[in-house]
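What follows is each chain in one-letter form.
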Amino acid sequence: MSCTIIVGGFFGDEGKGKVVAHIAYKDKPVIISRGGVGPNAGHTVQVGTREYGVRMVPSGFVYKDAKLCIGSGVLVDPRVLKHEVEMLGVQGRVFVDRRCGIITEDHITRDKGSDHLSKKIGSTGSGCGPANADRVMRVSPQAKDLPELAEYLMDVPKAIDDELKKGKNILLEGTQGFGISLYYGTYPFVTSKDTSASQIAADNGVGPTKIDDVIVVFKAYPTRVGEGPFSTEMSVAESDAMGIQEFGTVTHRKRRIGDWDGGMARYSAMINGCTQVAITGIDRVDKECFGATKYSQLTKKAKDFLKIAEDDIDSPITLISTGPEVTQIIDLRDELV
Ligand code: IMP
Ligand code: MG
């Protein structure tokens, strides 16, 4: 029984939401708790033909037996949270740490109104940067100060610790990606906080010695939204010709597409303390792999790519996503032991 962190290894949007949902169904965690910046993150989860986009509620919500928590490091926009809770029908399962920072209308106005943030950096305009700045200045409200959040309040670290002591599984969900970490990313073209696994542990009040596994998610063809360097970026003509087009979950901006970046993957795995790797989008390496659920169904081309990726990252690939739907995945974790 264990505590697992899932984080993005490139620039975000690696498909963490789908990987979290799969692991939730399979490992049956009693708590799925979110770390990361705030509602600037967008996770897409597809179950059957239904597609959900979430920004505040953990993407493991599709697994109905888990409590869904938001760790104290995360910024909460109460409007976004309430809307999602209603839309997803997850009332009674969502909990917010008392100490979460709050995003106000003023933060959103300052984010969108700042040329530096909205134009130069290409922020999502969700208010996260200004809200984290206020938090550092110690003038930001906390979740416990808002009457409309009273029904959700919880001591998230304590709840997680209680369950770990009972031997239960816990999933800590990261957001964004390594390349936009405030500390390790392409500063200043980054988000307003670190995004590495250590940060996700800290966001949830789980000390490093209690973490058993760190799964870093990489997409075969990385993407980036917003401004900033992207060394393996391809031209739009190239990615269009490959049939790769993606749009952001939060801002609907067209995502920039790139080739596999082995050097970045290795460095990202190092700082994240990666123990296992999930590769998403293998169906883009070879269309024939779409929907595969067994390693033996993969083509030579896909297996060759996975071999290169595994050598680059220097950690075992244990999960291979073969399409957007939650069951389109190859899970090799059982073969590890
Ligand atoms: P902010 O986090 O809204 O301040 O945006 C700063 C930069 O991080 C911009 O380039 C955003 O596009 C990017 N960013 C923030 N959150 C995400 C995410 O969840 N996925 C991908 N990019 C993100
Ligand atoms: Mg996203």
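Preceding block: the structure.
First, a word on scope: everything that follows refers to the structure included in this document.

Scoring rules and cut-offs
Residues numbered from 1 in each chain as written. Chains lettered and ligands numbered in written order. Predicted model: local features only at pLDDT ≥ 70, side-chain atom pairs only at ≥ 80, totals over all residues. Heavy atoms only, no water. Helix = DSSP H or I, 4+ residues; strand = E, 2+ residues; numbered from the N terminus. Rg over C-alpha atoms; globule rule 2.2 N^0.38 Å. Buried < 20%, exposed > 50% of the residue type's maximum accessible area, 1.4 Å probe, protein only. Axes fitted to C-alpha atoms, helices over the stretch in contact; angles between N-to-C directions. Parallel < 35°, antiparallel > 145°, perpendicular 65-115°, else oblique. Left-handed = near helix turned anticlockwise from the far one by under 90°. Contact = heavy atoms within 4.5 Å. Nonpolar A, V, L, I, M, F, W, Y, C, P; charged D, E, K, R; others polar. Near = heavy atom within 4 Å. Polar contact = N/O pair within 3.5 Å; in protein donor to acceptor, adjacent residues only side chain to side chain. Areas by Shrake-Rupley, 256 points an atom, 1.4 Å probe, with all protein chains shown as cover. Donors = N, O, S within 2.8 Å, 3.2 Å for Na, K, Ca; no water. Pairing = 2+ DSSP bridges.

What follows covers the overall build of the chain. The secondary structure content of the chain amounts to eleven helices and 16 strands. Here the chain has a C-alpha radius of gyration of 19 Å; the compact-globule value for 337 residues is 20 Å, and the two agree. Considering only C-alpha atoms, the chain reaches an extent of 55 × 50 × 35 Å along its principal axes. Looking at the 337 residues of the chain, the share that counts as buried comes to 58%.

Running from N to C, helix 9 (residues 262–272) and helix 11 (residues 300–313) cross one another at 50°; their axes reach a closest spacing of 8 Å. It follows from the interaxial angle that helix 9 and helix 11 lie oblique. Considering only the axes of helix 9 and helix 11, their crossing is right-handed. In this structure, helix 9 uses Gly262, Ala265, Arg266 and Ala269 to contact helix 11, whose residues at the interface are Asp311, Asp312 and Ile313. Here the contact of helix 9 with helix 11 is composed, by residue class, of three nonpolar, one polar and three charged.

With that settled, consider the site of ligand 1. In the vicinity of ligand 1 lie 16 residues, with Asp13, Asn40, Thr124, Thr191 and Arg253 positioned nearest. Measuring from an oxygen atom of ligand 1, one finds a side-chain N or O atom of Thr124 at 2.6 Å. At 3.0 Å from an oxygen atom of ligand 1 is found a main-chain nitrogen or oxygen belonging to Val225. Protein chains bury 97% of the 470 Å² of accessible surface belonging to ligand 1 in isolation. For the shell around ligand 1, a count of residues per class yields six nonpolar, eight polar and two charged.

Around the magnesium ion (ligand 2), the protein supplies Asp13 (OD) and Gly42 (O) as donor atoms, at distances of 1.8 to 2.1 Å. On the criterion of sequence distance, the pair formed by Asp13 in the loop between strand 1 (3–8) and helix 1 (16–27) and Gly42 in the loop between strand 2 (31–34) and strand 3 (43–47) is long-range, its members being 29 residues apart. The buried category is assigned to Gly42, whose relative accessible area is 11%.

For the rest of this paragraph, the subject is the sheet that holds strand 16 (residues 329–331). With mixed pairing, ten strands are arranged side by side in an open sheet as 9-7-5-2-10-1-11-14-15-16. Single-partner strands in this sheet number two, and they are strand 9 (153–154) and strand 16. Looking at chain direction, strand 11 (residues 213–219) and strand 14 (residues 276–280) are connected through five bridges and run parallel. Paired with Ile215 across the strands is Gln276, a residue of strand 14. Of the strands in this sheet, strand 1, strand 2, strand 10 (170–173), strand 11, strand 14, strand 15 (317–321) and strand 16 touch helix 1, which is tilted by about 160° from strand 1.

Along the chain, Asp203 falls in helix 7 (residues 197–203). What makes Asp203 buried here is its relative accessible area of 2%. Sequence separation between Asp203 and Thr280 is 77 residues, and the spatial gap between their C-alpha atoms is 25 Å.

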